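Spelled out, the chains give:
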Amino acid sequence: LFDGMYTFYPQQRKAAEFNISTIIVIVVFLTLACSFLLIIPGIRGRARLYWTLRVLLSLFVGVVIVVVQFTGDWETGWVQANTSYKSFSLVQVNADIGLHIGLAGVNITLKGNPVNQINETINYNEHFPWNFGADYDRSYSEGLEKGLPSPILYVAEKFSTQSPCAVHRQYRIAGHYASAMLWVAFCAWIISNILFSMPVLIYGGYMLLVTGAFMIFSLLSFSTVRNSLMCPIQIGTATLHIAYGGSFWLMLAIGLLCFVAGITVVAVHHLNLDLLKAFFDLREDKAEEYQEMPEVFVNPHFMNKGL
């Protein structure tokens, strides 16, 4: 031992607190938002409020569409139980076992109550991917070789290809198509912003409806996993139940928001076009376009000569 650690062996993995991809996406959109806030004082009058509302709301929709691709809480479940900690050992620990299912894989957490038990720090967060290009069974085998705690291996085994539960294929395909539809929604969101800036307002409203539609389609794709029966996850005397998580409900809310915004733009375009142009700061341009010509002084000499 050197300072309480094994010198030639890797240290114990600690629970991951942040997702690097999520942080990168959030930083990019926050940079865009801050850049806009720096120029907003240059917009005069009521248009400043309209610009702020439109830009920040649009950026929020965009960041949600991208971030949920990397989150792991489309379905979540927690249970507290007394369970065995290692294989071939009768020693039990009291711990919280968490299951977090995303589009690209599953995260399984194990945190002791308290964290320090049986002379060990029980605080794990293991990721097992099932997206195309990843090998879930290989990740599970590596977990066996590393000697991960029994509760993590037990839950991870439920989602393997060899498990009698047979849910691996459903989750993998559902996550793949949900992710693809979200990328289509992101492209539709970009096109809607381009149309609003051209400006072609009614077509921008139509693209907002398309954005909301593909977001809802992604939710329907992921919810198809509920058609297959899930094996009970029994840990000790407790059962781990899973339900839709924060990312699922956030996507539902943003999808409905896009529907409401798109329908509002289309309806106001047909009912009160001037109000819609005022909200998009286009009313002054039209007024200048159709503004009557001011008084003009004409030289009578040239007028008579021309006649």
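These figures come from a predicted structure and were not determined experimentally.

Engineer: Explain the environment of Leu 240 to me, please; I cannot follow it from the model alone.
Structural biologist: Mapped onto the fold, Leu 240 is located in strand 6 (residues 238–240). The class of Leu 240 is buried, set by a relative accessible area of 4%. On a C-alpha basis, the gap between Leu 240 and Thr 76 in space is 9.7 Å, while along the polypeptide they are 164 residues apart. In this structure Leu 240 touches Gly 77, Val 79, Ile 97, Leu 99, Ile 233 and Ile 235, once residues within four positions along its chain are discounted.

Engineer: Mind showing me how you'd approach the UniProt feature "transmembrane region" (unreviewed entry) in the chain here?
Structural biologist: Following the UniProt record, one finds the feature "transmembrane region" (unreviewed entry) at residues 20–39, 51–70, 177–196, 203–222 and 242–268. As a span, residues 20–39 carries 100% helix and 0% strand, and end to end its C-alpha atoms are 29 Å apart. End C-alpha atoms of residues 51–70 are separated by 30 Å, and the span's content is 85% helix alongside 0% strand.

Engineer: What is the right way to read the nonpolar core from this model?
Structural biologist: One broad trend across soluble globular proteins is that nonpolar side chains are buried collectively. Within the largest apolar cluster, 63 residues are counted, with the highest numbers of intra-cluster contacts made by Trp 74, Leu 99 and Phe 159. It is helix 2 (residues 47–67) that contributes the most residues to this core, nine residues altogether. Taken domain by domain, this core gets at least three of its residues from each of domain 1 (20–70 + 169–227 + 245–278) and domain 2 (75–165). Not counting residues up to four positions away in its chain, the partners in contact with Leu 99 are Glu 75, Thr 76, Gly 77, Val 106, Asn 107, Ile 108, Val 155, Phe 159, Ile 233, Leu 240 and Ile 242.

Engineer: Please clarify how the side chain of His 168 should be interpreted in this entry.
Structural biologist: With respect to the helices, strands and loops of the structure, His 168 is situated in helix 5 (residues 168–197). Leave out the neighbours within four places in its chain, and His 168 touches Trp 130, Tyr 136, Phe 159, Ser 160 and Thr 161.

Engineer: Would you mind going over the sheet that holds strand 7 (residues 243–244) with me for this structure?
Structural biologist: Strand order in the open sheet formed by five strands is 4-3-2-1-7, with antiparallel pairing between adjacent strands. One side of each edge strand has no neighbouring strand; the edge strands of this open sheet are strand 4 (120–129) and strand 7. By the bridge criterion, ten bridges tie strand 1 (residues 75–84) to strand 2 (residues 92–101) in an arrangement that is antiparallel. Considered in strand 2, the bridge of Gln 80 is made with Asp 96.

Engineer: What exactly am I supposed to notice about the pattern of salt bridges here?
Structural biologist: Summed over the entire model, instances satisfying the criterion amount to three salt bridges. Glu 120 serves as the salt-bridge partner of Lys 86, at 2.9 Å between the closest nitrogen and oxygen. On the criterion of sequence distance, the pair formed by Lys 86 in the loop between strand 1 and strand 2 and Glu 120 in strand 4 is long-range, its members being 34 residues apart. For Glu 120, a relative accessible area of 23% gives the class partly exposed. When the shortest N-O distance is used, the salt bridge between Glu 126 and Lys 146 registers 3.8 Å. In this pair, Glu 126 sits in strand 4 while Lys 146 sits in helix 3 (residues 136–146), placing the two residues 20 residues apart along the sequence. Of the residues examined, Glu 126 reaches a relative accessible area of 4% and is grouped as buried.

Reading guide: rules and limits
Numbering of residues starts from 1 in each chain and follows the order in which that chain's sequence is written. It should be noted that, the model being predicted, local features are given only for residues of pLDDT at least 70 and side-chain atom pairs only at 80 or more, the latter also being counted only at that level, while totals for whole chains, interfaces and linings use all residues. Computation of side-chain values covers all heavy atoms of the structure but excludes hydrogens and water. The numbering of helices and of strands both runs from the N terminus, where a helix is a DSSP run of H or I of at least 4 residues and a strand a run of E of at least 2. With a 1.4 Å probe rolled over the protein chains alone, any residue whose accessible area is under 20% of its type maximum counts as buried; one over 50% counts as exposed, and the rest are partly exposed. Throughout, a contact is declared for two residues whenever any of their heavy atoms are within 4.5 Å. UniProt positions are given in the numbering used here, feature names are shortened, and annotations may be inferred rather than shown by experiment. Here, nonpolar core refers to any group of buried Ala, Val, Leu, Ile, Met, Phe, Trp, Tyr and Cys residues whose side-chain atoms link them within 4.5 Å. How far each domain reaches was decided by an automatic or database domain assignment. When DSSP finds at least two bridges between two strands, those strands are taken to pair. Take a side-chain nitrogen of Lys or Arg and a carboxyl oxygen of Asp or Glu: if they are within 4 Å of each other, that pair is a salt bridge.

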